[in-house]
Amino acid sequence: MAANENRVTVKTHEVTKVTPFVNPNSKTTSSTLDLTYFDFFWFKNPPVERLFFYEMTDLTWDLFNSEILPKLKHSLSLTLLHYLPLAGHIMWPLDAAKPAVYYFPDQNDGVSFAVAEWSSESHAGFHHLSGNGIRQAVEFHPLVPQLSLTDDKAEVIAIQITLFPNQGFSIGVSSHHAILDGKTSTLFLKSWAYLCKQLQLCHHPCLSPELTPLLDRTVIKDPTGQDMLQLNKWVVGSDNSDPQKIRSLKVLPFLDSESLNKLVRATFELTREDITKLRHKVNHQLSKSSKSKQVRLSTFVLTLAYVFVCMAKAKLAKAKTEAEAAAGNDEIKNIIVGFTADYRSRLDPPIPLNYFGNCNGRHCETAKASDFVQENGVAFVAEMLSDMVKGIDADAIKANDDKVSDILEILKEGAIIFSVAGSTQFDVYGSDFGWGRPKKVEIVSIDRTQAISLAERRDGGGGVEVGVVLEKQQMEVFESLFADGLKNDLV
């Protein structure tokens, strides 16, 4: 299925379809889930790929096949009864004004479920991949399934379970960004984990109210037709003479394989003490400024500021070397900083936290690359991020749209973009299916989007895990800057 320079392969044993549980007391009917302007904002974005590693040192194929897989499949079937859109497909019929998710139980709609086994000449595969050290980005690709995306039909989610004999197993989930934001995908995974764990205690588990998704689309108010405006932005540039191309459900392409092969990934941790130290240093630098405005130095702001400055210096170090050899100057002039904000509590009126679908917006600002690498670079970026966070309100997604064309122009001029996936608020390490908490959680798709990933530290305590993907030379510079900056003064 896949291989790398270490002759690591993943053998696929089966690919089946898990359908929603059939309740003998009720009949499941066909259903349609409309998409909102929040969904269409992400309509063509590449899938989000998450990977959960679970350690079980005594896990044999027999135990995996007789105990683990049956429980995972049955609990998934029970979960899908509450998350029916995940079993359907995105389609755009010719007589429909816009695409939607269609679920047809009579057509055996369900979720693609692959079962695979890791085989490698190195026995340390599981511990290598579930560690924090520098690893080849492509090593993770065989562990996540590929969504089926054609012009006519797009899967919503796909799952792969991979056995690492006598080491553990992984759960890889690929999800369509037009249907699930980070909060919704996390809610689904927690629901699945909850029911799987409950199955080991009782035969008929029930999903708790806080894990039951709200599928009601009427809570998203759209009196001005923002949904069609967002959709039409993706349609612009299509071949208008061919209705099929206009309605194509294929997403934006990933990076080419040659570019991906150059990338490595690693995880870096910030403890609560590290965050406190950063806050003191940034406050000290800001106090020397003549500005008197209030700056919110949250864990989110400080983490991004510190990591983005390290990334800027790592990338600019290489860019400067290459540019000096070619033209005598540095090619990277600007850096775009972006993040997404959840809107469930910001809308008027607010909507429930268990709302199913996208309910977030992207926020971006641009600054000179030279500002990132100055002596007070972390303080500068922290102040910029603080202003961005304070500027979020219920209408920001519409106002922020005006910046998209400007950002595209800046990117054409050689700018780079720093963005973030995940959140420390998702509690991804709480996804216990009954065999313990995950040893490691990764967002594999950041190697295609060039974002960093955020999660709470596995051991808790208010720390942060940061996933970073860079070229190897850049990663070595980043690693040194990250460690040295925490020991001494800011990088």
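Parameters and conventions
Residues numbered from 1 in each chain as written. Predicted model: local features only at pLDDT ≥ 70, side-chain atom pairs only at ≥ 80, totals over all residues. Heavy atoms only, no water. Buried < 20%, exposed > 50% of the residue type's maximum accessible area, 1.4 Å probe, protein only. Helix = DSSP H or I, 4+ residues; strand = E, 2+ residues; numbered from the N terminus. Pairing = 2+ DSSP bridges. Contact = heavy atoms within 4.5 Å. Axes fitted to C-alpha atoms, helices over the stretch in contact; angles between N-to-C directions. Parallel < 35°, antiparallel > 145°, perpendicular 65-115°, else oblique. Nonpolar A, V, L, I, M, F, W, Y, C, P; charged D, E, K, R; others polar. Phe/Tyr/Trp six-rings, centres within 6.5 Å; stacked < 30°, edge-to-face > 60°. 1 Å grid on protein atoms, 1.4 Å probe; cavity = no way out; pocket = protein on both sides within 12 Å on 5 of 7 lines; lining within 4 Å. Points joined across faces, edges and corners; volume = space filled by probe spheres on them.

Trainee: How do you make sense of the pairing of strand β5 (residues 100–103) when you look at a structure like this?
Mentor: Strand residues, when the strand is regular, have side chains that alternate between the two faces of the sheet. Burial along β5 is two-sided: the residues Ala100 and Tyr102 and Val101 and Tyr103 are all buried. Relative to β5, strand β2 (residues 31–34) runs antiparallel, the two being bridged by four bridges. By the bridge assignment, Thr32 is partnered in β5 with Tyr102. In the sheet, strand β4 (residues 89–91) pairs with β5 via three bridges, with the strands oriented antiparallel. Its bridge partner being in β5, Met91 is matched across the sheet by Ala100.

Trainee: Help me understand the sheet that holds strand β18 (residues 464–471), please; the structure alone is not making it clear to me.
Mentor: Working definition: the strands of a sheet are paired by backbone hydrogen bonds and lie parallel or antiparallel to each other. Across the sheet, which stays open at both edges, the five strands sit in the order β7-β11-β18-β17-β15 with mixed pairing between neighbours. Pairing within the sheet leaves two strands with one partner each, and these edge strands are β7 (135–136) and β15 (420–422).

Trainee: For this particular structure, what's the right way to read the pairing of strand β9 (residues 157–164)?
Mentor: Among the eight residues in β9, eight count as buried, and that is most of the element. What you see with β9 is no split at all: Ile157, Ile159, Ile161 and Leu163 on one side and Ala158, Gln160, Thr162 and Phe164 on the other are buried throughout. As paired elements, β9 and strand β10 (residues 168–175) share eight bridges and run antiparallel to each other. Bridge pairing in β10 links Phe164 to Gly168. Between β9 and β10, which pair antiparallel in sequence order, lie three residues; one of them, Asn166, sits at a positive phi of approximately 60 degrees.

Trainee: Before we go on, may I ask you to explain the side chain of Ser453 in this structure?
Mentor: Looking at the secondary structure, you find Ser453 in strand β17 (residues 452–456). With near-sequence residues (within four places) excluded, Ser453 lies in contact with Ala421, Ile443, Ile446, Glu465, Val466 and Gly467.

Trainee: Can you help me understand the packing of helix α8 (residues 272–287) against helix α15 (residues 472–487) in this one?
Mentor: Interhelical geometry of α8 versus α15 gives an angle of 70 degrees and a closest axis separation of 10 Å. The orientation of α8 with respect to α15, classified from their angle, is roughly perpendicular. Of the residues in α15, those touching α8 at Asp274, Lys277, Leu278 and Lys281 are Gly485, Leu486 and Lys487. Grouping the amino acids of the contact of α8 with α15 by side-chain chemistry returns two nonpolar, one polar and four charged.

Trainee: What exactly am I supposed to notice about the side chain of Thr79 here?
Mentor: By secondary structure assignment, the location of Thr79 is in helix α2 (residues 61–80). When its relative accessible area of 0% is taken as the criterion, Thr79 is described as buried. Beyond its immediate stretch of four places on either side in the chain, Thr79 contacts Phe188, Ser191, Trp192 and Leu195.

Trainee: Where do I start with the packing of aromatic side chains in this structure?
Mentor: Two aromatic rings are characterised by how far apart their centres lie and by the angle between their planes. For the structure shown, the criterion picks out 26 aromatic pairs. Residues Tyr54 and Phe169 carry aromatic rings whose centres are separated by 5.3 Å and whose planes lie at 15 degrees to one another, so their mutual orientation is stacked. In this pair, Tyr54 sits in strand β3 (residues 48–55) while Phe169 sits in strand β10, placing the two residues 115 residues apart along the sequence. Here the two residues Tyr54 and Phe169 agree in accessibility, since each one is buried.

Trainee: I'm lost on the layout of surface pockets in this one. Help?
Mentor: Rolled over the atoms, a probe sized like a water molecule indicates the empty space that remains. Each pocket or cavity is described by its volume, and for the second largest pocket that value is around 260 Å³. Along the walls of the second largest pocket sit Phe21, Asn23, His74, Leu78, Leu81, His82, Leu195, His203, His204, Pro205, Cys206 and Leu207, which together make up its complete lining.

Trainee: I tried to follow the packing of α8 against helix α11 (residues 377–390) on my own but got confused; where do I start?
Mentor: The relative placement of two packed helices comes down to the angle between their axes together with the axis-to-axis distance. Put simply, α8 and α11 touch, their axes get as near as 9 Å, and they point 90 degrees apart. In this view, α8 runs roughly perpendicular relative to α11, as classed from their interaxial angle. Touching Val282, Gln285 and Leu286 of α8 are Val378, Ala379, Ala382 and Glu383, all from α11. Of the residues in the contact of α8 with α11, the class split is five nonpolar, one polar and one charged.

Trainee: Help me out: how do you make sense of the sheet that holds β4 in this one?
Mentor: A sheet is described by the order of its strands in space; here four strands give the open sequence β2-β5-β4-β8, paired in antiparallel fashion. Each of the sheet's edge strands pairs with one partner strand only, and the pair in question is β2 and β8 (153–155). Adjacent strand axes in the sheet meet at a mean angle of 30 degrees when their direction is disregarded.

Trainee: Would you mind going over empty space enclosed by the protein with me for this structure?
Mentor: Counting across every chain of the model gives two cavities of 30 Å³ or more. What the largest cavity holds in volume is close to 120 Å³. As for the largest cavity, its lining consists of 16 residues, of which Val441, Ile443, Ser453, Leu454 and Ala455 are closest to the centre. When contributions to the lining of the largest cavity are tallied by element, the ones reaching two or more residues are β16 (440–443), β17 and β18. Element by element, the count of residues in the lining of the largest cavity is highest for β16, at four residues. Of the residues contributing to the lining of the largest cavity, the split by class is seven nonpolar, five polar and four charged. Computed from the structure, the second largest cavity encloses a volume of approximately 40 Å³. Of all the secondary structure elements, the ones that give two or more residues to the lining of the second largest cavity are β3 and α4 (182–199). Looking at the lining of the second largest cavity, the element that brings in the most residues is α4, giving three residues. For the lining of the second largest cavity, the class distribution of residues is three nonpolar, three polar and two charged.

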